[in-house]
Amino acid sequence: DNRSKEDIVKKWTIATFVVLLIAAAGLSACQPVMPVSADKADSVGKVLQVHFQYDITADEYRAAVTSLAGELAQFEGLRWKIWTINEEIGEAGGLVVFDDEVSRQAYLDGPYADIIGSNPVFHDEVIKEFDVIEDATQDTRGPVGVAER
């Protein structure tokens, strides 16, 4: 009986996750277009590091984020994202670089909050914000230039 309840909760959680991903696909069209000024275009960007535990299978997570990646790529001010996963401990996340602080915060308040923050499948999240050390990053071939769109 408990196993049946666990299965129902898991299926409901996965269904909720899928619905949120589908809803998030429409978010990029609703995002305000923020013009990038010359000083922002010359900036090395703002980094966001996130990771969290997940309670779905790694394959379900991979499929969900793969279907979402194209839409997130259109988010104004997002230069690039590296998606990360550690299947052994059920943890995922990523490194994201934005044009500026405004874009980074809009992402946290928008798609991230809607998809990850509001879904019980994801928990124990850690969010860290960083600046880039430009010279050292360039010396090690880090992609600190402005993204081509």
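(A) Main features of the overall build of the chain. Within the chain one finds six helices and four strands. Helices and strands in the chain line up, N terminus first, as α-α-α-β-α-β-β-α-β-α. Counting every position in the chain, which comprises 149 residues, the buried fraction comes to 33%. If you take every contact in the chain between residues at least 6 apart in sequence, the share linking residues at least 24 apart comes to 77%.

(B) Geometry of the pattern of salt bridges. Summed over all chains, the structure comprises five salt bridges. Linking Arg-104 and Glu-101 is a salt bridge whose minimum nitrogen-to-oxygen distance equals 2.2 Å. On the criterion of helical spacing, the pair formed by Arg-104 and Glu-101 is a turn pair, its members being three residues apart in helix 5 (residues 101-117). We classify Arg-104 as buried; its relative accessible area is 4%.

(C) Summary view of the sheet that holds strand 2 (residues 78-86). The strand order across the open sheet formed by four strands is 2-3-1-4, and the pairing between neighbours is antiparallel. The open sheet has two edge strands, strand 2 and strand 4 (122-131), and neither has a second partner. Here the average twist between neighbouring strands, direction ignored, is 15°. Across the sheet, helix 4 (residues 58-73) touches strand 1 (46-54), strand 2, strand 3 (91-98) and strand 4, and the angle it forms with strand 2 is around 180°.

(D) Focus on the nonpolar core. Membership of the largest hydrophobic core comes to 22 residues, with the highest contact counts inside it found for Leu-48, Phe-52, Tyr-61, Phe-98, Tyr-107, Tyr-112 and Phe-122. Only strand 1, helix 4, strand 3 and helix 5 provide two or more residues apiece to this core. Excluding residues that lie within four positions of it along the chain, Phe-52 makes contacts with Tyr-61, Gly-90, Glu-91, Ala-92, Gly-93, Tyr-112, Ile-116, Phe-122, His-123, Asp-124 and Glu-125.

(E) Quick look at the packing of aromatic side chains. Under the definition given, this model contains six aromatic pairs. Centroid distance Phe-98 to Tyr-107: 5.2 Å. Interplanar angle 50°. Geometry classified as tilted. On the accessibility criterion, Phe-98 (0% relative accessible area) is buried. Three or more aromatic residues joined by ring pairs make a cluster, and in this case those are Phe-52, Tyr-54, Tyr-61 and Phe-122. Positioned above the aromatic ring of Trp-83, the side-chain terminus of Lys-81 is 3.6 Å from the ring centre.

(F) Looking closely at the side chain of Asp-99. You can see Asp-99 is positioned in the loop between strand 3 and helix 5. You can call Asp-99 buried: its relative accessible area is 7%. Among the polar contacts listed, one links the side chain of Asp-99 to the side chain of Arg-79, at a separation of 2.7 Å.

(G) The arrangement of helix 4 in detail. Between the first and last C-alpha of helix 4 there are 22 Å, a value that for 16 residues agrees with the 22 Å anticipated at 1.5 Å per step. Of all the bends in helix 4, the largest measures some 30° and sits at Ser-67. Of the residues making up helix 4, those classed as buried are Ala-58, Tyr-61, Ala-64, Val-65, Leu-68 and Leu-72.

(H) Representation of the environment of Ala-69. Along the polypeptide, Ala-69 turns up in helix 4. Residues Ala-69 and Lys-81, spaced 12 residues apart in sequence, show a C-alpha to C-alpha distance of 9.0 Å.

How each quantity is defined
- Residues numbered from 1 in each chain as written.
- Predicted model: local features only at pLDDT ≥ 70, side-chain atom pairs only at ≥ 80, totals over all residues.
- Heavy atoms only, no water.
- Helix = DSSP H or I, 4+ residues; strand = E, 2+ residues; numbered from the N terminus.
- Buried < 20%, exposed > 50% of the residue type's maximum accessible area, 1.4 Å probe, protein only.
- Contact = heavy atoms within 4.5 Å.
- Salt bridge = Lys/Arg side-chain N within 4 Å of Asp/Glu carboxyl O.
- Pairing = 2+ DSSP bridges.
- Axes fitted to C-alpha atoms, helices over the stretch in contact; angles between N-to-C directions.
- Core = buried A, V, L, I, M, F, W, Y, C linked by side-chain atoms within 4.5 Å.
- Phe/Tyr/Trp six-rings, centres within 6.5 Å; stacked < 30°, edge-to-face > 60°.
- Lys NZ or Arg CZ within 6 Å of the ring centre and 35° of its normal.
- Polar contact = N/O pair within 3.5 Å; in protein donor to acceptor, adjacent residues only side chain to side chain.
- Expected span 1.5 Å × (residues − 1).
- Bend = angle between axes of the 7 residues up to and from the residue.

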